[in-house]
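# Overview (structure and organization)
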Amino acid sequence: MLQEDLNSIKVIDGGFGVQAIDRSNLQIDGHRLWSCRLLLDDPELVVAIHRDFIDAGAEVIETNTYQANVDSFVEALPDSMTPSLAAEALSSGVRLARRAVEESGCGRRVLVAGSCGPYGAAQCDLSEFTGDYCASMTEEDLARWHRPRVEALAAAGADLLAFDTLPSLREARAVVQLLREFPGLPAWLSFASRDGMKTCAGESLAEAAADPLLMSCGSVFGLGVNCIVAPRNVARAARELAPAAAEKTLLAYPNLGDYGGAEEPITEELVSDWLQLGVRWIGGCCRVGPAEIARLARTVRRFRGDGAEEAGV
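Model, not experiment: these values are computed from the prediction. (Residues numbered from 1 in each chain as written. Predicted model: local features only at pLDDT ≥ 70, side-chain atom pairs only at ≥ 80, totals over all residues. Heavy atoms only, no water.)

If you walk through the whole model with that rule in mind, you get 19 salt bridges. Here Arg-109 ties to Asp-5 by a salt bridge, and the two come within 2.4 Å at their closest N and O atoms. Remark: Asp-5 occurs in helix 1 (residues 2–6) and Arg-109 occurs in the loop between helix 6 (83–104) and strand 3 (111–116); sequence separation between them is 104 residues. Of the charged contacts, one joins Arg-147 and Glu-181 as a salt bridge, the two residues approaching to 2.8 Å between their closest N and O atoms. Here Arg-147, found in helix 7 (residues 139–155), pairs with Glu-181, found in the loop between helix 8 (169–179) and strand 5 (187–192); they are 34 residues apart in sequence, far enough to count as distant. Connected through shared salt-bridge partners, Glu-44, Arg-51, Arg-99 and Glu-103 make up one network. (Salt bridge = Lys/Arg side-chain N within 4 Å of Asp/Glu carboxyl O. Helix = DSSP H or I, 4+ residues; strand = E, 2+ residues; numbered from the N terminus.)

And the structure:
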């Protein structure tokens, strides 16, 4: 059943972090753990945000674990956190997502993707949008950093892993090396790209689509772009990644506009274009809330020929 899901058209959820900032009384924006602090301080809100995206039509929800790794928790909370407690906090992200699915009563299969942000995201210096750190870190260094979170999410039973906002091919290759330790656990790799042509580190997306290591990894089922790629540039990215479409599922989940720039909606026309270009898993990232996902989901259902009753929204 999972393999069938991986090859079909799916609706991914939207941006968890901005929802958390808007709806929490806690200081989240600028905090070392960002929205991940809610795993400890307000798990009920985590469930509620997941549920809102499921109610909007999301068929894939990402755990609230993008910003944090084991060392992030320990460094943010040195007086109370240990590596084992940090791993438990990461694992709780999967359990809370599962609980949201169960409580939604949506009557459809919803996959839980363990969200794994890049090394730069956990440094809180915006280096996930430059990839500068990759010049001084080896693939082994990066794989070592990602490993504890992947271990926690895999042990907690995530259906798949979502490696989000990767700024460089080097970090993507490090992830592929790490995935060899987790056979049978599917994963997608999604790059941050400002123009839909290149990664933030400057490699072409076409190079990623032809990379022998990425393409030969059976655990990597999907390849795509997310976050700072604006909706208007997704079609360009889809064309760059098109050579990979025969082997990998293409994904796109952009922001509402350029990073920090004016809002640019994800329109029905844009989503239809992406689907025609072969993008199969579609959602949103920063500033994309449940309302936007609901509109996107309606377009996807029409493309698939589903009825509204089947989607449950």
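Once the structure has been displayed, the description carries forward.
With that out of the way, let us pick up the packing of helix 7 against helix 8. As a packed pair, helix 7 and helix 8 sit with axes 8 Å apart at the nearest point and diverge in direction by 55°. Between helix 7 and helix 8, the crossing angle belongs to the class labelled oblique. Here helix 7 and helix 8 pass one another in a crossing that is right-handed. Packed against helix 7, whose contacting residues are Glu-139, Leu-142, Ala-143, His-146, Arg-147 and Val-150, the element helix 8 presents Arg-170, Glu-171, Arg-173, Ala-174, Val-175, Gln-177 and Leu-178 at the interface. Of the residues belonging to the contact of helix 7 with helix 8, the class tally is 6 nonpolar, 2 polar and 5 charged. (Axes fitted to C-alpha atoms, helices over the stretch in contact; angles between N-to-C directions. Parallel < 35°, antiparallel > 145°, perpendicular 65-115°, else oblique. Left-handed = near helix turned anticlockwise from the far one by under 90°. Contact = heavy atoms within 4.5 Å. Nonpolar A, V, L, I, M, F, W, Y, C, P; charged D, E, K, R; others polar.)

Here we come to the pairing of strand 6 (residues 220–227). Burial analysis of strand 6 places 8 of its 8 residues in the buried class, which makes it a mostly covered element. Where strand 5 lies against strand 6, 6 bridges are found, and the strand directions are parallel. Residue pairing in the sheet places Ala-187 in a bridge with Val-220 of strand 6. Read from strand 6 through helix 11 (residues 231–241) to strand 7 (residues 249–254), the crossover connection turns out right-handed. (Buried < 20%, exposed > 50% of the residue type's maximum accessible area, 1.4 Å probe, protein only. Pairing = 2+ DSSP bridges. Right-handed = clockwise from strand over helix to strand, strands pointing away.)

Attention now goes to the packing of aromatic side chains. When we look at a pair of aromatic rings, we describe it by the centre distance and by the angle of the planes. Following the criterion strictly, the structure yields 7 aromatic pairs and no others. Ring geometry for Tyr-119 and Trp-145: centres 5.3 Å apart, planes at 75°, overall edge-to-face. Here Tyr-119 is found in the loop between strand 3 and helix 7, whereas its partner Trp-145 is found in helix 7, with 26 residues between them in sequence. By relative accessible area, Trp-145 is classed as buried at 9%. Each ring, one from Trp-188 and one from Trp-281, has its centre 5.8 Å from the other, and the planes form 80°; the classification is edge-to-face. Here Trp-281 lies in strand 8 (residues 279–282) and Trp-188 lies in strand 5, a separation of 93 residues in the sequence. Accessibility expressed as a relative area gives 0% for Trp-188, which makes it buried. Taken together, the aromatic side chains of Trp-188, Phe-221, Tyr-253 and Trp-281 make up a single cluster linked through ring pairs. (Phe/Tyr/Trp six-rings, centres within 6.5 Å; stacked < 30°, edge-to-face > 60°.)

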